[in-house]
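Overview (structure and organization)
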Protein chains: 4
Amino acid sequence: MDYVYGPGKNHLFVPGPVNIPEPVIRAMNRNNEDYRSPAIPAMTKTLLEDVKKIFKTTTGTPFLFPTTGTGAWESALTNTLSPGDRIVSFLIGQFSLLWIDQQQRLKFNVDVVESEWGQGANLDILAEKLAADHSHTIKAICIVHNETATGVTNNLATVRKLLDHYRHPALLLVDGVSSICALDFRMDEWGVDVALTGSQKALSLPTGIGIVCASPKALEASKSAKSVRVFFDWADYLKFYKLGTYWPYTPSIQLLYGLRAALDLIFEEGLDNVIARHSRLGTATRLAVEAWGLKNCTQKEEWHSDTVTAVLVPPYIDSTEIVKRAWKRYNLSLGLGLNKVAGKVFRIGHLGNLNELQLLGCLAGVEMILKDVGYPVKLGSGVAAACAYLQNNIPMIPSRI
Amino acid sequence: MDYVYGPGKNHLFVPGPVNIPEPVIRAMNRNNEDYRSPAIPAMTKTLLEDVKKIFKTTTGTPFLFPTTGTGAWESALTNTLSPGDRIVSFLIGQFSLLWIDQQQRLKFNVDVVESEWGQGANLDILAEKLAADHSHTIKAICIVHNETATGVTNNLATVRKLLDHYRHPALLLVDGVSSICALDFRMDEWGVDVALTGSQKALSLPTGIGIVCASPKALEASKSAKSVRVFFDWADYLKFYKLGTYWPYTPSIQLLYGLRAALDLIFEEGLDNVIARHSRLGTATRLAVEAWGLKNCTQKEEWHSDTVTAVLVPPYIDSTEIVKRAWKRYNLSLGLGLNKVAGKVFRIGHLGNLNELQLLGCLAGVEMILKDVGYPVKLGSGVAAACAYLQNNIPMIPSRI
Amino acid sequence: MDYVYGPGKNHLFVPGPVNIPEPVIRAMNRNNEDYRSPAIPAMTKTLLEDVKKIFKTTTGTPFLFPTTGTGAWESALTNTLSPGDRIVSFLIGQFSLLWIDQQQRLKFNVDVVESEWGQGANLDILAEKLAADHSHTIKAICIVHNETATGVTNNLATVRKLLDHYRHPALLLVDGVSSICALDFRMDEWGVDVALTGSQKALSLPTGIGIVCASPKALEASKSAKSVRVFFDWADYLKFYKLGTYWPYTPSIQLLYGLRAALDLIFEEGLDNVIARHSRLGTATRLAVEAWGLKNCTQKEEWHSDTVTAVLVPPYIDSTEIVKRAWKRYNLSLGLGLNKVAGKVFRIGHLGNLNELQLLGCLAGVEMILKDVGYPVKLGSGVAAACAYLQNNIPMIPSRI
Amino acid sequence: MDYVYGPGKNHLFVPGPVNIPEPVIRAMNRNNEDYRSPAIPAMTKTLLEDVKKIFKTTTGTPFLFPTTGTGAWESALTNTLSPGDRIVSFLIGQFSLLWIDQQQRLKFNVDVVESEWGQGANLDILAEKLAADHSHTIKAICIVHNETATGVTNNLATVRKLLDHYRHPALLLVDGVSSICALDFRMDEWGVDVALTGSQKALSLPTGIGIVCASPKALEASKSAKSVRVFFDWADYLKFYKLGTYWPYTPSIQLLYGLRAALDLIFEEGLDNVIARHSRLGTATRLAVEAWGLKNCTQKEEWHSDTVTAVLVPPYIDSTEIVKRAWKRYNLSLGLGLNKVAGKVFRIGHLGNLNELQLLGCLAGVEMILKDVGYPVKLGSGVAAACAYLQNNIPMIPSRI
């Protein structure tokens, strides 16, 4: 039954799905229940209220779809746009590429702004496009907050500034799959119209909930959006929200209890502390990469991601071999390089319910693998660099006696 | 954290989600894993092979969508049909109604064949329509194998016979949500083109996998079907099947292990034994209803469902009160009457991993509730009738020492 | 790995180990922890405080031994008595017999007061012995509150009255294994000196904690008791209680969290409601037995046990066959007749976290088995009798919305 | 309910209780069962056969006591010896001290051979005592294979050689609590008469099973041993072994399934591979300690333990502060210095189901803590030393695809 046996714990450092905390695993360890009993709506109500906090919105309306991030993308697009609508979309890596592919197959007129993989969204070109678009043909800006394939974080505050500057009414749709609940994300302050994430990322749950949050403007847009949709239609949810039963179709009881537990853990730690922890882990990882003499796939510091680091390997090394060896020899799961950067980068995911010593074990493992594959790393160097930083910055765990 | 506290076990007798067996709960009690490691494809391969057995198909291609039954419906329709296509669809209860609503919103030209709730699909009208359709304008027949709202099982063998008789090429799309893995279902023999079910029904898992199985003819149709689809597109899966990585987007690791355990249990019991057990539980329930002097919502024996029994209550009783009381006083979860039969029926779900003594506890509970709400039931009568039948028919459990 | 496969849930009606509630299973679903961290003593403190409530004592000192009921017996005896001490002990069934065997092997001078199996302790003889014992040679009275083998509950209040009447200083040692937390038990009011139970009984946990509670008088006695003891010595615990670290040797982390959850559930339901529920289940069971035309092994109503019912079968039936068949055909676990009543009784345990519909399922099963083995039971009769009583007496579950 | 909250996983590096592998946690995630059903004896039979393998015995008889290591000690002693018997016992640290305390309280005549803490058992003195004991007054040699307080492994092969050399018939009783299933241990080859361990150590289970294994000679001795015992008596078990029901009192169902899973994991990895892994982790830890410029409490290489390393800190540092800080700041659980070495050593447990990257995370944490408390460690130095060794020695995980 177990296909991944090996002594000790698996070290899970892909950028999703991530480690599930024990209290969440416990909360989900249960039989099914009737979701039409009074209990599930009572719990759902708290979930819908609380999930808004991780988007930093008070005016948004959240939807918990039984789906993945790909489904959440589809829900964001089809509820707000009509076939043929012009949208500006940024291609900076594999996941923005896949979203653009979806946008095109959903029959939108996609104005793709491409950057080299390793760079952030080219906002200069956005500025030009907005400046030129006097007739407001652009209906939406689609942007990935954090590109998981290259470890690039885009600057959403600047996107909002540009839209405001040009007084452009385009909707702002944000893929926050590998950012929300880990990076600084402010739905209301940045005027994001639709934001979305998946349960298996920073929320540290199993895959299965696509969380979509819509601004009042997005909700308004959904009334006239002509894209065909049923399963992903917000209107069905809104109908049941009014009835107080919340669910147009059967939710996963286990994931609801799991989400309740996950949110409780996050609020217990404090969302800002969670974000600070991710910053700490991201910084430590980058210091290790630097100490190893390797390059970050992300080309400028302003784009550095605190949830995933894509590490460039020298041309004489195949990064896929690193990932294979990590799995087979060290029980360590690293992220592959995808598409354009296949063989060229490996990725360390450092998001979700994770602490410093877990990361340091991973970094030590990476050092040994680098040596295995012939890279002349100085063993211990990355860990030393990370420790030097962490030792000065890790706070006490307040909940500990 | 627990919204449903009460002493002892909850008696879950809604027709889904159903009781999860302990070995399946155990199998899902785990951390996340990298789904791109060699382990998950190795397991997925066995799942795709084995899941075909519960559809009784050797030629079909299964898809495990991270979705619910509603999503599985959408996948079946959008992959095989184009907007405007004429389809014949049978309205016999709430779930066929919802599917028809989806069909209409997906822009198909739906030829609705309505029956009184409590009756099966009107196949005489189907025969007329097929006979009249010389130019084959009907592209698909959509039928719910088992209408969960009324406890009506349709005769799929007859549908196939009619199609064959009229040499009609329409696709046969079947909602097997509350039938597959519990009722006699034969995808290949009955020439079903798309069949689908959900994990939380007879498979006895949590909600979260919509299983869709496509015949070669359906796969062929998907190449030219013009309905817009991305998340539910079979083509994405087929691409990854060829690559041997199987997953176009992140699956739920927990549900994969759970499905493995669920299938193992079913094959250990024997699929035909599982179906026989459902027949036994269905018969016992109907005998109890009869003993209580109540009517089955299902009007003829040929339509009797072995997975759910909808019980009609006398006009002076509100069936909703029965369901509320079951929950609040007896820790028993029964199904509500929905839509046209709201207040008129309550439903006993008897599907999934369930045994006779569990059902008898439920039936005893229903008797007390009937008395509570003023129906002059003879206490013990239903249980006596059920026991008289069961005592002669329960087999030994072969796996027991 | 699973040696007990069968469709549906196992119906566990042995008088221990009993069904574990889901929240308790969840609480124990965890990794080990360092028991010397500040967390475990903090939790232990709450456990020791709260466990006193189920003994209804404010002056007693509880000990949580990593052992079974047999170990708890040994702890009670060796901490309070010296080899050669005279004790009066009542033999009324298999478990009192085993305790007496232990008492003899521990070299006490046991004055055995035997009753026919099915009768309670002969307190008239106790009165005689106390009256005659002017020189107080009797050091302790050892009595099983509830004899699990015959379903007999002894009257502890009367024992106390006799001791008080004769102003006898003997210690009162009580085996409460199948009573405490299910039957009315009052340590302080009845002047019990040592009371004990096991985690797998009414507390509804796995086996593994033997809970012993000592009165101040018992603690005083332990200072001079000369029985050799180390593992079961209270003094080691008391030393660590003073230090605030509580544990002289490694406790089971899982059982500590489980006990915390079990106590929380009991207090949430209300201990007196728990006891009332046991009374209801016991009464319902006895009414069923009567309706079947069978006799209770317990000879008088005053001794009827609300946690276990031993049912006498006619001479032409072997009760062992009933238990085997229950297991093999109905996935029902009943208690065997033990020793003197082997083959003559089968036992229905109705203690712990259990509700009415669970019991009714069991009773329906027993009816079918009785028919299987040739007893002319009227099917449904026992369930009807139980339902008639329960339907008038089951309260609403207050915690339900 | 959770007293140990902190982001990420707790790093458990006390020398017991140790990390439980996920498959074992899963196996124990279950309801109670009737231990008198045919299933439990069937499983128990396999456990008793397989548990002998970890003792490397074919002639021994194992007993699974529902107790801790302390109880297992008591069982070993009371079944083989009589009050007043002379035994030779080695005092080399806190756990041998506690065992000696038990031996004395059980009224044996203990001939204590003391060594400085950090040294192994003084076998020269044993040789002298054996040589002098012409009349065979020494009835048993009691020795701790691995002293958990100081990280000292005694040489049992030499003990056996001495006994053979002097043709001395004394029983050899071995505490293998922190050795068996992790260190090289050979019951039959070394002529060990009673060996014992606890479930929460190298077997990586929760606390709750004390495993005692008796040689034929020990079994023979138990027939005449006069120590009073009931709960810990082997004779009760042997009686039930003959009956084929195995259990004189209620076992923990969960621990039996857990033990089954734990043994399966060990045999899947291969017991010799498990021992080699412990050797690897022990060596890596000692190399790190050396790189930090610190001393091992263990004074000679021949005594170095591969399951626990006790690290001496400089006089100006309180090792207790290290342990506190590890817990409070790094979510790392280290072992305290106990008794004579309190404040002077901290302990790293590296036993059980553990892998290299877990250990490296711990070592990195220790480095930061050392810096925290003012020790001038070079950050990364220990990890570098450990990695340099491990990178050349870690094998591929054979079970991985």
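Residues numbered from 1 in each chain as written. Chains lettered and ligands numbered in written order. Predicted model: local features only at pLDDT ≥ 70, side-chain atom pairs only at ≥ 80, totals over all residues. Heavy atoms only, no water.

**Side note on the sheet that holds strand 2 (residues 61–65) of chain B**
Residues and elements named next belong to chain B. Strands sit in the order 2-10-9-8-5-3-4 across an open sheet of seven strands; the sheet is mixed. Two strands close off the open sheet at either side, each with one partner strand: strand 2 and strand 4 (109–114). Adjacent strand axes in the sheet meet at a mean angle of 20 degrees when their direction is disregarded. In the sheet, strand 3 (residues 86–91) pairs with strand 5 (residues 138–144) via four bridges, with the strands oriented parallel. Across the sheet, S89 pairs through a bridge with C142, a residue of strand 5. Along the sheet face, helix 4 (residues 94–105) touches strand 3, strand 4, strand 5 and strand 8 (171–175) and points at about 160 degrees away from the line of strand 3. (Pairing = 2+ DSSP bridges. Helix = DSSP H or I, 4+ residues; strand = E, 2+ residues; numbered from the N terminus. Axes fitted to C-alpha atoms, helices over the stretch in contact; angles between N-to-C directions. Contact = heavy atoms within 4.5 Å.)

**Overview of the relation of the copies chain A and chain D**
Superposing chain A onto chain D takes a rotation of 180 degrees combined with a translation of 0.0 Å along the rotation axis, leaving an RMSD of 0.0 Å. Both chain copies can therefore be described as sitting about a two-fold axis. By C-alpha distance to the rotation axis, the residue of chain A lying nearest is A:G361, at 1.9 Å. (Least-squares fit on C-alpha atoms with pLDDT ≥ 70 in both.)

**A look at the UniProt feature "domain: Aminotransferase class V" (unreviewed entry) in chain A**
With numbering aligned to this structure, UniProt lists the feature "domain: Aminotransferase class V" (unreviewed entry) at residues 16–297 of chain A. Helix makes up 44% of residues 16–297 of chain A and strand 16%. Its end C-alpha atoms lie 19 Å apart. (UniProt positions renumbered as here; feature names shortened; annotations may be inferred.)

**Brief notes about the interface of chain A and chain D**
Each partner contributes to the interface: chain A provides 55 residues, whereas chain D provides 56 residues. For the pair chain A and chain D, the summed buried area comes to about 5300 Å², and 57% of that belongs to carbon and sulfur atoms. Counting every contact that joins chain A to chain D gives zero salt bridges. Seen at the junction of chain A and chain D, the total is 25 residue pairs in polar contact (both at pLDDT 80 or more). Listed by contribution, the elements that provide at least two residues to the side of chain A that touches chain D are helix 1 (22–28), helix 9 (253–269), helix 11 (319–330), helix 12 (356–372) and helix 13 (381–393) of chain A. For the side of chain A that touches chain D, the residue count by class is 26 nonpolar, 17 polar and twelve charged. (Buried area = accessible area lost by both parts, 1.4 Å probe. Salt bridge = Lys/Arg side-chain N within 4 Å of Asp/Glu carboxyl O. Polar contact = N/O pair within 3.5 Å; in protein donor to acceptor, adjacent residues only side chain to side chain. Nonpolar A, V, L, I, M, F, W, Y, C, P; charged D, E, K, R; others polar.)

**Concerning the UniProt feature "binding site: substrate" (unreviewed entry) in chain A**
UniProt's entry tags A:R347 with the feature "binding site: substrate" (unreviewed entry), counted in the numbering of this structure. Of note, A:R347 is situated in strand 14 (residues 345–349).

**So, the relation of the copies chain B and chain C**
Rotating chain B by 180 degrees about the axis while translating it 0.0 Å along that axis superimposes it on chain C, leaving an RMSD of 0.0 Å. Of the residues that chain B buries at the interface, 100% are likewise interface residues in chain C, meaning the two copies contact each other through the same surface.

**Section: the domain arrangement of chain A**
Residues and elements named next belong to chain A. Taken domain by domain, chain A holds domain 1 (11–18 + 270–392) and domain 2 (22–267). Centre-to-centre, using C-alpha coordinates, domain 1 lies 27 Å away from domain 2. Carbon and sulfur atoms make up 57% of the surface buried where domain 1 meets domain 2, a total of about 2400 Å² over both sides. Summed over the three residues of domain 1 that lose the most area to domain 2, namely L271, Q299 and W303, the buried surface amounts to 23% of that side. Joining domain 1 to domain 2, the criterion identifies two salt bridges. The salt bridge partner of K56 is D272, with a shortest N-O separation of 3.1 Å. The interface formed by domain 1 and domain 2 holds 19 residue pairs in polar contact (both at pLDDT 80 or more) in total. Broken down by element, the residue count for the side of domain 1 that touches domain 2 peaks at five residues, all from helix 10 (residues 271–291). Looking at the side of domain 1 that touches domain 2 residue by residue, the classes come out as 13 nonpolar, eleven polar and five charged. (Domains from an automatic or database assignment.)

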